[in-house]
Amino acid sequence: MERKDLRSFTEEEMIGIVQEYGEKAFRGKQLFEWIHKKQVTEFSQITNLSKKFLEQLSENYNISGVEIVKKQVSKKNDTAKYLFSMADGSLVESVWMKYHHGNSVCISSQVGCRMGCTFCASTLSGLKRSLTAGEMLSQIYEIQRETGERVSNVIVMGMGEPLDNYDNLLRFIRLLSHDKGINISQRNITVSTCGLVDQIRRLMEEKLQITLAISLHAPNDEIRRQTMPVAKKYSIEEIFSVCREYTEYTGRRITFEYSMIDGVNDGKAHALELASRCRGLNCHINLIPLNEVKERKCHRSKEENIRDFKITLEKNHTNVTIRREMGSDIDAACGQLRNQYMEQTNSD
Ligand code: SAH
């Protein structure tokens, strides 16, 4: 029988597990702290639970982990990209970013992706599988261990569509913000989605304090459908409507990501259309200069067009920033490092 990953269980579930072995409930709480606060990777590192019990436990459970296959550090030394392998040999990427106000980690939620955005490297060979909550946490635990520094912000913006892995994502967020675990405030967690409206509505009901980021990348359906297949399922109208509900219901400001693609979505008329859609909505636009992916034909907007786009939005009372570019020298666009590595190993 395949062993189950202890890192994916809630504290209540862990209490249930230890009780099945005849242990008292508080042992479950201790086990939870070993796994999530002290972040042990082996049962042998656990010192206050009986050896016999741990041996029995290890017959049915393991502590999942990820292993570093490759690490690339940016020239400025403020960004590092990790390629991790998981128990089944699948590969995912995570990015570590050092800021003045703390350290952020951007994690992957799936191996590959099935959303098919035409500018993105993660989706080139489709979806292989979704990650468990433990595998998502492991990316953060491993980076903390490797750097010896604390992570204060987590962004679910790496490979995969997090809302296409809804249950594991929710479990992950609850474990990540648990006060007996790594205890990252929900206000410091951002989840980025290509705009799965039904799941956004479901997420809203959870009343979390996380930041929701929506990959918009276009001011209207016509342009959005050129690059994002998901736009054929949900209209931009529906997205804005659910965003209004979301901000009212949770009190949280929405972030719109807007990757700037030369000649596609970066004109003045596009900026004006976007500003008019955002009017009255508690939101913020993050302009991302496109990371060119060699397999894709999209090109990055010119510097001056990005600047003008920002000015037009500002003049029309829209909150906007241009994403600070970190790690473009280390292929930090989602999925690039994994693709490269797989190409190399396939040709060896
Ligand atoms: N599936 C989720 C999260 C992963 S992608 C989503 O769609 O939001 C994280 C962000 O990077 C998304 O906004 C995505 O559209 C964007 N992105 C993907 N490839 C990119 C590239 N080559 N250049 C710039 N942004 C890119």
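Refer to the structure above for everything that follows.
Thresholds, definitions, all that
- Residues numbered from 1 in each chain as written.
- Predicted model: local features only at pLDDT ≥ 70, side-chain atom pairs only at ≥ 80, totals over all residues.
- Heavy atoms only, no water.
- Helix = DSSP H or I, 4+ residues; strand = E, 2+ residues; numbered from the N terminus.
- Rg over C-alpha atoms; globule rule 2.2 N^0.38 Å.
- Buried < 20%, exposed > 50% of the residue type's maximum accessible area, 1.4 Å probe, protein only.
- Contact = heavy atoms within 4.5 Å.
- Areas by Shrake-Rupley, 256 points an atom, 1.4 Å probe, with all protein chains shown as cover.
- Lys, Arg positive; Asp, Glu negative; His and termini not counted.
- Charge placed at Lys NZ, Arg CZ, Asp CG, Glu CD.
- Arc of directions from axis to C-beta.
- Phe/Tyr/Trp six-rings, centres within 6.5 Å; stacked < 30°, edge-to-face > 60°.
- Lys NZ or Arg CZ within 6 Å of the ring centre and 35° of its normal.
- Near = heavy atom within 4 Å.
- Polar contact = N/O pair within 3.5 Å; in protein donor to acceptor, adjacent residues only side chain to side chain.
- Nonpolar A, V, L, I, M, F, W, Y, C, P; charged D, E, K, R; others polar.
- Salt bridge = Lys/Arg side-chain N within 4 Å of Asp/Glu carboxyl O.
- Pairing = 2+ DSSP bridges.
- Axes fitted to C-alpha atoms, helices over the stretch in contact; angles between N-to-C directions.
- Left-handed = near helix turned anticlockwise from the far one by under 90°.

Engineer: An account of the overall build of the chain is requested, with residue identities and associated values reported.
Structural biologist: Scanning the chain from N- to C-terminus turns up 11 helices and 14 strands. Since a compact globule built from 348 residues should have a radius of gyration of about 20 Å, the 21 Å found for the chain is in line with a globular shape. Overall size of the chain, expressed as C-alpha extent along the three principal axes, is 70 × 50 × 40 Å. Per-residue burial over the chain gives 55% buried out of 348 residues. Across the chain, every contact between residues at least 6 apart in sequence was considered, and the portion connecting residues at least 24 apart equals 67%. Within the structure as shown, the chain displays about 15700 Å² of accessible surface, and the carbon and sulfur contribution to it stands at 46%. Between the centroid of the 49 positive side chains of the chain and the centroid of its 47 negative side chains there is a distance of 3 Å.

Engineer: Quick one: what's the story with helix α3 (residues 51–60), residue by residue and with numbers?
Structural biologist: Listed as buried for α3 are Phe-53, Leu-54 and Leu-57. Along the axis of α3, the buried positions cluster into a sector of 95 degrees, meaning they face one direction only. Turned more than 90 degrees away from the buried face of α3 sit Lys-51, Lys-52, Glu-55 and Glu-59, all of them exposed. Those residues of α3 that are buried are in contact with α1 (11–20), α2 (25–36) and β2 (61–62).

Engineer: Got a sec to walk through helix α5 (residues 166–176)? Specific residues and values, please.
Structural biologist: Inspection of α5 places Tyr-166, Leu-169, Leu-170, Phe-172, Ile-173, Leu-175 and Leu-176 among the buried residues, and these make up the whole buried set. Tucked inside the fold, the buried residues of α5 contact α2, β6 (102–107), α4 (133–147), β9 (153–156), β10 (189–193) and α6 (197–205).

Engineer: Please provide a residue-by-residue account of the packing of aromatic side chains, values included.
Structural biologist: What the rule picks out here adds up to 5 aromatic pairs. Ring geometry for Phe-9 against Tyr-61: centres 5.9 Å apart, planes inclined by 80 degrees, an arrangement best described as edge-to-face. Taken together, the residues Phe-9 in the loop between β1 (4–5) and α1 and Tyr-61 in strand β2 connect sequence positions 52 residues apart. Accessibility assignment for this pair places Phe-9 and Tyr-61 in one class, buried. Pairing Tyr-258 with Phe-309 gives two aromatic rings, centres 5.1 Å apart and planes at 35 degrees, and the pair type is tilted. Residue Tyr-258 is found in strand β12 (residues 254–260), and its partner Phe-309 is found in helix α10 (residues 303–315); the two are separated by 51 residues along the sequence. A single burial state applies to Tyr-258 and to Phe-309, both of which are buried. The ring of Trp-34 carries Lys-38 above its face, with NZ or CZ at 4.1 Å from the centroid.

Engineer: Could you give an account of the site of the ligand, naming the residues involved and the relevant values?
Structural biologist: What surrounds the ligand is a group of 18 residues, the closest being Gly-160, Ser-192, Ser-215, His-217 and Asn-291. Side-chain polar atom of Ser-192 to an oxygen atom of the ligand: 2.6 Å apart, as the coordinates give it. For the ligand, whose unbound accessible area comes to 530 Å², protein coverage reaches 95%. Counting only elements with at least two residues in the shell around the ligand, the list comes to β10 and β12. A breakdown of the residues in the shell around the ligand according to their chemical character gives 8 nonpolar, 8 polar and 2 charged.

Engineer: Could you give an account of the pattern of salt bridges, with specific residues and numbers?
Structural biologist: Here the structure, examined in full by the defined rule, presents 19 salt bridges. The partner of Lys-302 in a salt bridge is Asp-262, and the shortest N-O contact between them spans 3.5 Å. With Lys-302 in the loop between β13 (283–289) and α10 and Asp-262 in the loop between β12 and α9 (268–278), the pair connects residues that are 40 residues apart, well separated along the chain. By relative accessible area, Asp-262 is classed as partly exposed at 30%. Overlapping salt bridges bring together Asp-88, Arg-129 and Glu-135 as one network.

Engineer: With reference to specific residues and values, describe the sheet that holds strand β4 (residues 79–85).
Structural biologist: If you walk across this open sheet you meet the 10 strands as β3-β4-β5-β6-β9-β10-β11-β12-β13-β14, and the pairing is mixed. The sheet is open, and its two borders are formed by β3 (67–73) and β14 (320–322), each paired with just one other strand. Direction aside, the axes of adjacent strands within the sheet are offset by 20 degrees on average. Pairing geometry for β4 and strand β5 (residues 91–99), over 7 bridges, is antiparallel. Paired with Tyr-82 across the strands is Ser-94, a residue of β5.

Engineer: I'd like a rundown of the environment of Leu-274, residues and numbers included.
Structural biologist: Residue position: Leu-274 is located in helix α9. Residues Leu-274 and Leu-313, spaced 39 residues apart in sequence, show a C-alpha to C-alpha distance of 7.9 Å. Leave out the neighbours within four places in its chain, and Leu-274 touches Leu-216, Pro-219, Tyr-258, Ile-285, Phe-309 and Leu-313.

Engineer: Would you mind going over the packing of α9 against α10 in detail, with residue names and values included?
Structural biologist: Between α9 and α10, the least distance of the axes is 9 Å, while the angle of their chain directions is 35 degrees. Once α9 is placed against α10, the crossing between them reads as right-handed. Packed against α9, whose contacting residues are Lys-268, His-270, Ala-271, Leu-272, Leu-274 and Ala-275, the element α10 presents Phe-309, Thr-312 and Leu-313 at the interface. Considering only residue class, the contact of α9 with α10 consists of 6 nonpolar, 2 polar and 1 charged.

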